[in-house]
Amino acid sequence: MDHKTIQLAHGAGGQLSNDLIDTLFLPRFANKTLEAMEDQAVLDFPENRLSFSTDTFVVDPIFFPGGNIGELAINGTVNDVAMCGANPLFLSVAFILEEGFPMEDLHQILISMEIAAKRASVTIVTGDTKVVNKGSCDKIFINTTGIGVLDHDLNISAGNLQVGDKIIVSGTLADHGMAVMTSREGLSFQSRVKSDTASLNGLINTMLKVSKNIHALRDPTRGGAATTLNEFARSSNVGISLIEENIPVKPDVKGACEILGIDPLYVANEGKLIAVVSDEDSLNILAAMTNHPLGKDAVIIGEVVSNHPGMVTMKTGLGANRIVDMPVGEQLPRIC
Amino acid sequence: MKYLDEFRDPEIAKQILSEIHKTVTKPWVIMEICGGQTHSIIRNGLDQVLPKEIELVHGPGCPVCVTPLEIIDKAIAIAGKPNVIFTSFGDMLRVPGSKKDLFMVKSEGSDVRTVYSPLEALTIAKANPDKEVVFFAVGFETTAPGNAMAIHQAAMEGIKNFSELVSHVLVPPAMEALLSSPENRVQGYLAAGHVCTIMGWEEYDPIAEKYKVPIIPTGFEPVDILEGILLVVKQLEEGRHEVENQYLRSVKREGNPVAQNLISEIYEVTDRKWRGIGEIPMSGFVIREKYKLFDAEDKFSVGDIHADEPELCISGVILQGLKKPHECPAFGKECTPTTPLGATMVSSEGACAAYYKYQRMGK
C-alpha cells in the first residue's frame, strides 16, 4: 500500500521509518557522513574527531515511572553522541511548549534535566523556546543536540561487525517502553515497571579501558533490540544468531508484555546498549561492564555468523530457529 | 513466573516431544484452531522439532483474519464520519479494506483510537457526550463477554452515544464447515483454549462423535501445545475420538456460565460471512433487537456496503488449512506485512504473518 500521507508507523523506527529515510531524506541531503546511517555523525576536524547528534522527544505521557521527558532528552542525545566511543561535552536544548502548559510541570522537567546533565558531565550551552497555540503541539516537545570528542581512532560502527564477534546487552530489555506503556491513560493495571533512562557514556568509557576491539555500539531505543540488531546485520552484511534463553527481561516487564501481547525485543530502552565485540575480548569487556552500576546485568546474547547475511535469527529453547525480523510499524504509541 | 515459566520450560517440552516421537507410527494431520496457537508454534519452532509424520495445519481461529472485507469497509466508512470517535483493538487498524486501512483514515484526520478493552471505549463515550463513540467488536467467543458487558453497562447507565460494530464469529460451526468439506484433511483438532474457557467443551462432544475426530482444548505455551498434540496422537493411534481437556488450569467442562448468560442477553446467533471462506450458517453473533440502539451498523446506515476480496490473496485456502502460507505465489513478494493483501499477513495471529516474521529462511 503506497502511503499518500504520513502515518504514525513512519515514526516508529521500523521498516516504514527506514523506507521514509531511504526514499525521501537520504537522496536529497546525500553525503558520506549522513549515508553511514549511524546514530551520530563523526566529523574529521584538523585536530580531532567530533561526534554530533540530534534527537527530538515527544513522549506521551511526559511523566512516567522512573523519569520524565526532560531527563530522557538529555540521556537520549548523550547516548547517541557516545555510541561511537566519544565523550559527550556540549548540548543544545530547544523546547516547543503548548499554550497553557503548567509552569510547575516545566519546573520539574528542568530540575530533572539539570540533574541528568550533571550526571552525564555535559554542559547545556545554548537553547531555544517556542510557544505554540493550544492544540498545535501536545504539551511539550524537546529537541536536544549534542557534541562530543573522540580521543581514539577506533571505528565503532554498525558496518563493522566481524563474523565470530559476540553480542553483549548491558542489562534487561524493554523497561522503558513498558513503563511508558503501562502508565498510559486507559490501561487499568498497575505495575512496578520503571524506565531505565540513563546516560551510558560512563559505561562506554569503562569498556574502552579494557579493550580496543569494540566493533559496534548502539542504544536500542525506538524499535527495541530487534531493530538495532537488524540494522547491524544489514549494515555489515552478516548474520546474527541469538540465544532465546539468554535474553534478559525482568519478570514484571515480561508479565506486562504478556498481557499486552508485545515482544520485549521490540520495546524501547533508554539506558541500555548493545555492544558487538571481538570473541577473544568478550569476557574481559563483560566483566568490566558487570562491575559498572549501569551494566551489572550485562550478558552475552548471541554472536555474529556468516550464514543468512542481513538477517537476525534466534535459537529457541527447543533448539529450533526463528527469524527476529525488523518491525513493520509501531508497537507502541510515541514512546520516546 | 507462575503459570508461564513452567509451560515454557524446554526440559519439560523435550520430554513430551520424545513421548510424541515414541507414540507416533503413521502420518497424521492435526489442525490448531486458534491463531494464538499458530503464533506460538511458529515462534517456538515446534513444527521444526515434531516427528515428520505429524503435519500441523493452521486453522481459522484468528479473529482479525476472518473478519470479512466489507466489515472493514463499514468500519472505515463509520470512522470517516464527522463527530465519530472510532475505537478498536490495535490489530484491526492495519487490516486493508478495499481501498485503505483505519490507520490511513486516522492520518486523514479522523479520530481513530486504539483501546485495550471495550469498557475503555465506554469511558471515552462518557467523557465525550457530544460525540458518537463506536467500538469495533470483533473476535470469537473469547472477547464476546467483554463486548456484551460494554453494551450491558451502556444500557444500564443510559449512555446513548456508544455503539458497537459487531463481527463476532463462533468456533464450532466453522469446525463443522471444515470437517464436512470434501477437501478436508484434518484428522484431529487442538481446540482454542480461551474460547473453551468461556464456552466450556460440551458443545464439542457431538462434533467429535459425528466426524470421528479427537478434539483437545489446548493452551498456548509450548508445553501446552506439545501436550495437546500428544493427546491427539495417542487417540488417533488408538482409534479413539473424544474430547479431552489439556488446558486444565483454565477450561472447565461447563465453561463460564456468568459470561455465557451475559453474551446471550445481548447477542443472538446469526449467519456470518468469514473472510476467504464465505457464509457459514449460524456462525456468529448479532446484537439482539432489544439492544439495537447500540448497533453501529443501524445507527450509521452502513448495511448496504459490500465488497469482493482481492483475487491474488488465497487467505481463504490458508484459513481452511488446504495450503501453507509460503505456498502462495504472492507470499513475501506482492504480499508482505508492509503491503498486506489479506488480513492473514497483518494480524500477529495470522498464519501468513507468523510465517513471514519467523520462518522466511529456506521457504
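Remarks on the overall build of chain A
Moving on, step 1. Counting secondary structure elements, chain A contains nine helices and 14 strands.
Moving on, step 2. Taken over the C-alpha trace, chain A has a radius of gyration of 19 Å; the compact-globule value for 336 residues is 20 Å, and the two agree within 12%.
Moving on, step 3. On the principal axes, the C-alpha backbone points of chain A span a range of 55 × 55 × 45 Å.
Moving on, step 4. A total of 336 residues make up chain A; the buried ones form 48% of that total.

Some thoughts on the packing of helix 6 (residues 201-210) of chain A against helix 9 (residues 282-290) of chain A
Residues and elements named next belong to chain A.
Moving on, step 1. Remark: helix 6 packs on helix 9, axes separated minimally by 9 Å, with the N-to-C direction vectors making an angle of 145 degrees. In this structure, helix 6 meets helix 9 at a crossing whose hand is right-handed. In this structure, helix 6 contributes L203, T206, M207 and V210 to the contact, and helix 9 contributes N284, I285, A288 and M289.
Moving on, step 2. Its residues placed into classes, the contact of helix 6 with helix 9 shows six nonpolar, two polar and no charged.

A few points about the interface of chain B and chain A
Moving on, step 1. With 29 residues of chain B at the contact, the number on the chain A side is 26 residues.
Moving on, step 2. Those elements that place two or more of their residues in the side of chain B that touches chain A are helix 1 (10-23), helix 2 (35-44), helix 3 (46-49), helix 6 (102-107) and helix 16 (351-358) of chain B.
Moving on, step 3. Per-class residue counts for the side of chain B that touches chain A are 14 nonpolar, eight polar and seven charged.

Brief notes about the nonpolar core
Moving on, step 1. Ranked by size, the top nonpolar core spans 123 residues in total, and within it B:A75, B:A79, B:L102, B:Y189, B:A191 and B:I215 carry the most contacts.
Moving on, step 2. At eight residues, the largest contribution of residues to this core is made by helix 12 (residues 222-238) of chain B.
Moving on, step 3. Each residue touching B:Y189, except ones within four places of it in the same chain, is listed here: B:M31, B:I33, B:M175, B:V213, B:I215 and B:I216.
Moving on, step 4. Core analysis: the next-biggest nonpolar cluster, separate from the first, contains 80 residues, A:I69, A:M83, A:L242 and A:I262 among them.

Here we look at the domain arrangement of chain A
Residue and element names in this part refer to chain A.
Moving on, step 1. What the domain assignment reports for chain A is domain 1 (38-150) and domain 2 (166-323).
Moving on, step 2. The gap between the C-alpha centroids of domain 1 and domain 2 is 23 Å.
Moving on, step 3. Contacts between the two partners involve 21 residues from domain 1 and, on the opposite side, 20 residues from domain 2.
Moving on, step 4. Contributing elements (two or more residues each) for the side of domain 1 that touches domain 2: helix 3 (69-82), strand 5 (87-98) and helix 4 (103-119).
Moving on, step 5. Here the element with the most residues in the side of domain 1 that touches domain 2 is helix 3; it accounts for seven residues.
Moving on, step 6. Classifying every residue of the side of domain 1 that touches domain 2 by side-chain character gives 11 nonpolar, seven polar and three charged.

Definitions and cut-offs
Residues numbered from 1 in each chain as written. Chains lettered and ligands numbered in written order. Predicted model: local features only at pLDDT ≥ 70, side-chain atom pairs only at ≥ 80, totals over all residues. Helix = DSSP H or I, 4+ residues; strand = E, 2+ residues; numbered from the N terminus. Rg over C-alpha atoms; globule rule 2.2 N^0.38 Å. Buried ≥ 20, exposed ≤ 12 C-beta atoms within 10 Å, placed from the backbone. Axes fitted to C-alpha atoms, helices over the stretch in contact; angles between N-to-C directions. Left-handed = near helix turned anticlockwise from the far one by under 90°. Contact = placed C-beta atoms within 7 Å. Nonpolar A, V, L, I, M, F, W, Y, C, P; charged D, E, K, R; others polar. Core = buried A, V, L, I, M, F, W, Y, C linked by C-beta atoms within 7 Å. Domains from an automatic or database assignment.

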